[in-house]
Number of protein chains: 2
Amino acid sequence: MKLSDTQKTFVLHWGEKAMKFGFNRTLAQIHALLYVSPEALDAEEIAETLQISRSNVSISIRELQSWGLITAAPKMGDRKTYYETLDSTWEMFRLVAIERQKRELAPSISLLRDLLLAGNDDADPTQRHVTRRLESLLQLFEHASTLSELLKNLSVDQVAKLLESNFSLLEQAVQPEEAAPPARVLHPEEN
Amino acid sequence: MKLSDTQKTFVLHWGEKAMKFGFNRTLAQIHALLYVSPEALDAEEIAETLQISRSNVSISIRELQSWGLITAAPKMGDRKTYYETLDSTWEMFRLVAIERQKRELAPSISLLRDLLLAGNDDADPTQRHVTRRLESLLQLFEHASTLSELLKNLSVDQVAKLLESNFSLLEQAVQPEEAAPPARVLHPEEN
DNA sequence: CATTAATTTCAGATATTATTGAAATTTCAA
DNA sequence: TTGAAATTTCAATAATATCTGAAATTAATG
């Protein structure tokens, strides 16, 4: 596939950006390529376009699928598997957030709980300090986990609505003493 | 500094966890060490405790300071610089979020805007597709940026309030048709 | 079935990133 | 000032993560 300058720049940028957040560069480039491609692509074409090995594509595709970020899109009368991304950026964000909660946050919460259960020597002042700080961290993580849980049950439309309201509700929430503006009317629509 | 098992486990875990989010392992271990240390530590002691070189500590400390995650805590009659972390996990989170917006999100937004300005060839259907998708991504990023801007102006107490409300306001916001529960009373308390 | 296309696996090679040690620089007490 | 302590710099090295090619496996076709 011949990429336009815009496509090329975006694919490279997305690869670099994803790295900063702990993703593999090639993985992200594949995702970006599929995102800016009007058609679903097969593994061979991905490899050629990005100039990477076929095996790298195979591994990366599996990983992307494990995040739910790409899906196989079979074509009639074609043995090859074609892949495409989600269209909705909100859904993409939601998937990553939920998956990170499952893969990273939950294990940390579990570990912190274990550590706090094991170390309850009230006599040792250092231990008391450690306990206090780990409790504080656990609390933050549990809040994040709650947020993720909430996200899990939010439809794309609902997330969109929240985003489009520019979080004015949050602003209200933390500035309760100001004269309350009229309640924003939300238009829930099913998808 | 001799670490307890709890401290040791936490420091190692924090290092691994941070890596998954694009941070350097040692950087995070230093941060974790300071977080569970009852006293501010000097660079030499950090190096010994974590068994890493003095120069590595120096580099990592500078980076941690650039995020605002640790501060120098000078001691009277001592030439060495001692370092300590923030106590508030919320403040830590806020700093990281704001810094990431500045370092990662803003440049991406800028790039996407440039790409969208440059590529406005309505005749080319591929270009139209790319434009549509990049616009959608830009929108998401701009929302995230707005959220970060909001966060910038939120005090630790306000963030705490939001977190402690378990985001019930968000839940209300996206489910307006249910009978509204009585407004949650927030208890702002100093620590 | 046998054949070929498509995909996956994985040990070894490569590239990237992190770390070190030695030297340079800075800081500060005397 | 001076010099010793503390810190930083950076080129060389080590550790880590990523990628590849060849071989194995799986799936589809006639």
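Scroll up a little and you will see the structure.
These numbers were taken from a predicted model, which means no experiment stands behind them.

## Thoughts on the sheet that holds strand S2 (residues 70-72) of chain A
Moving on, step 1. Read from one edge to the other, the open sheet built from three strands follows the order S1-S3-S2 (chain A), with strand pairing classed as antiparallel. Both outer strands of the open sheet, strand S1 (41-42) and S2 of chain A, are each paired with one neighbouring strand and no more.

## Some details on the side chain of threonine 89 of chain A
Moving on, step 1. With respect to the element layout, threonine 89 of chain A can be found in helix H5 (residues 89-118).
Moving on, step 2. The residues touching threonine 89 of chain A, leaving out its near neighbours within four places in the chain, are Tyr35 of chain A together with Ser136, Leu137 and Leu140 of chain B.

## Overview of the protein's contact with DNA strand D
Moving on, step 1. As a matter of local geometry, DNA strand D sits amid 17 residues, with Thr26, Ser53 and Ser55 of chain A together with Arg62 and Thr81 of chain B nearest to it.
Moving on, step 2. Those atoms of DNA strand D that come within 4 Å of the protein belong to sugar or phosphate at a rate of 68%.
Moving on, step 3. Serine 53 of chain A places a polar main-chain atom, nitrogen or oxygen, 2.8 Å from a phosphate oxygen of DNA strand D.
Moving on, step 4. In this structure, arginine 79 of chain B approaches DNA strand D through a side-chain N or O atom, which is 3.4 Å from a base nitrogen.
Moving on, step 5. Of all the secondary structure elements, the ones that give two or more residues to the surface near DNA strand D are helix H4 (54-66) of chain A together with helix H4 (54-66) of chain B.
Moving on, step 6. For the surface near DNA strand D, the class distribution of residues is three nonpolar, eight polar and six charged.

## Remarks on H5 of chain A
Residues and elements named next belong to chain A.
Moving on, step 1. Compared with the 44 Å implied by 1.5 Å per residue over 30 residues, the 42 Å span of H5 between its first and last C-alpha is a close match.
Moving on, step 2. The principal kink in H5, of about 40°, is found at glutamine 101.
Moving on, step 3. For H5, the side-chain oxygen to backbone nitrogen distance between the N-cap and tryptophan 90 is 3.3 Å, and the N-cap itself is serine 88.

## Notes on the sheet that holds strand S1 (residues 41-42) of chain B
Residue and element names in this part refer to chain B.
Moving on, step 1. If you trace the three strands from one edge of the open sheet to the other, you get S1-S3-S2, paired in antiparallel fashion. Sheet topology places S1 and strand S2 (70-72) at the edges, where each strand pairs with a single neighbour.
Moving on, step 2. Of the strand pairs in this sheet, S2 and strand S3 (residues 82-85) are connected by three bridges, and their pairing is antiparallel. Across the sheet, the residue bridging to threonine 71 is glutamate 84, located in S3.

What counts, and at which threshold
Residues numbered from 1 in each chain as written. Chains lettered and ligands numbered in written order. Predicted model: local features only at pLDDT ≥ 70, side-chain atom pairs only at ≥ 80, totals over all residues. Heavy atoms only, no water. Pairing = 2+ DSSP bridges. Helix = DSSP H or I, 4+ residues; strand = E, 2+ residues; numbered from the N terminus. Contact = heavy atoms within 4.5 Å. Near = heavy atom within 4 Å. Polar contact = N/O pair within 3.5 Å; in protein donor to acceptor, adjacent residues only side chain to side chain. Nonpolar A, V, L, I, M, F, W, Y, C, P; charged D, E, K, R; others polar. Expected span 1.5 Å × (residues − 1). Bend = angle between axes of the 7 residues up to and from the residue.

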